[in-house]
Amino acid sequence: MPNPRFPLYIPSKGRSDSRFTSKILEWMEVPYRMVVEESQFDDYAAVIDPKKLLILDPEYQRNYVTEDEFGETKSKGAGPARNFAWDHSIDAGFDWHWVMDDNIRRFLRMNRNEEISLADGSGFFAMEEFCLRYRNIAMAGPNYEMFVPRKTKTAPFVANTRIYSCNLIRNDTPYRWRLRMNEDTDLSLRMLKDGWCTVQFN
């Protein structure tokens, strides 16, 4: 079965021992890159193939827009690494990229009231295939399992809502991640305000 055609990135910090998303992607045999800070590279390289690791350029942390008064006194979260991944995918010549939280334990599809674990990258490929049919989608991704309960009639997707935690992003849109918290809601809202569409798959 096909793997995603676009690169998949996982920003991570302080979770070399858990790394849930990378573990499930390894099991699915889906290629990915993990973005880590240089000071933690050895911790991750001890448990993940170093070829899958990217060191976050600290300029992305220094230049990250938080829109608050806390400056360097608080963590800036995953936003700088997400912006680094966005630019990395552009430099590699891709039109879209995936960026995922590092605490995802499994990926599922719903069919006839059954939750079926994805065993390969075909689900990512299918979401990409859908988005590539249209010229006005800026971001898409799967919904949380908790919001798609079994035995409840649910549409295959919802258009023009927020996309959380697992994002397929079109690279040529004029945005970047910002804020320390709720940054995925902020990015979704800015895209929608400017007339782009988002798609959340159930």
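For the structure given in this document, a descriptive report is provided here. (Residues numbered from 1 in each chain as written. Predicted model: local features only at pLDDT ≥ 70, side-chain atom pairs only at ≥ 80, totals over all residues. Heavy atoms only, no water.)

Once that is clear, we can look at the overall build of the protein. Counting its secondary structure elements, the protein contains six helices and ten strands. Within the protein, the proportion of its 202 residues that are buried is 46%. When the accessible surface of the protein is split by element, carbon and sulfur atoms take 50% of a total near 11000 Å². A gap of 7 Å separates the mean positions of the 28 positive and 30 negative side-chain charges of the protein. (Helix = DSSP H or I, 4+ residues; strand = E, 2+ residues; numbered from the N terminus. Buried < 20%, exposed > 50% of the residue type's maximum accessible area, 1.4 Å probe, protein only. Areas by Shrake-Rupley, 256 points an atom, 1.4 Å probe, with all protein chains shown as cover. Lys, Arg positive; Asp, Glu negative; His and termini not counted. Charge placed at Lys NZ, Arg CZ, Asp CG, Glu CD.)

Turning our eyes to something else, we now look at the pattern of salt bridges. Tallied over the entire structure, the rule returns 17 salt bridges. What emerges from the salt-bridge pattern is a single network uniting Glu 67, Arg 178, Asp 186 and Arg 190. (Salt bridge = Lys/Arg side-chain N within 4 Å of Asp/Glu carboxyl O.)

The volume enclosed by the largest pocket comes to roughly 1000 Å³. Lining the largest pocket are 35 residues, with Leu 108, Pro 142, Asn 143, Phe 201 and Asn 202 sitting closest to its centre. Secondary-structure elements contributing two or more residues to the lining of the largest pocket are β5 (108-111) and α5 (122-131). In terms of residue class, the lining of the largest pocket is made up of 19 nonpolar, eight polar and eight charged. Volume-wise, the second largest pocket comes out at about 520 Å³. Mapped by element, the contributors of at least two residues to the lining of the second largest pocket are β2 (33-36), α4 (79-91) and α6 (183-193). (1 Å grid on protein atoms, 1.4 Å probe; cavity = no way out; pocket = protein on both sides within 12 Å on 5 of 7 lines; lining within 4 Å. Points joined across faces, edges and corners; volume = space filled by probe spheres on them. Nonpolar A, V, L, I, M, F, W, Y, C, P; charged D, E, K, R; others polar.)

These values are about where atoms sit, not about what they do.
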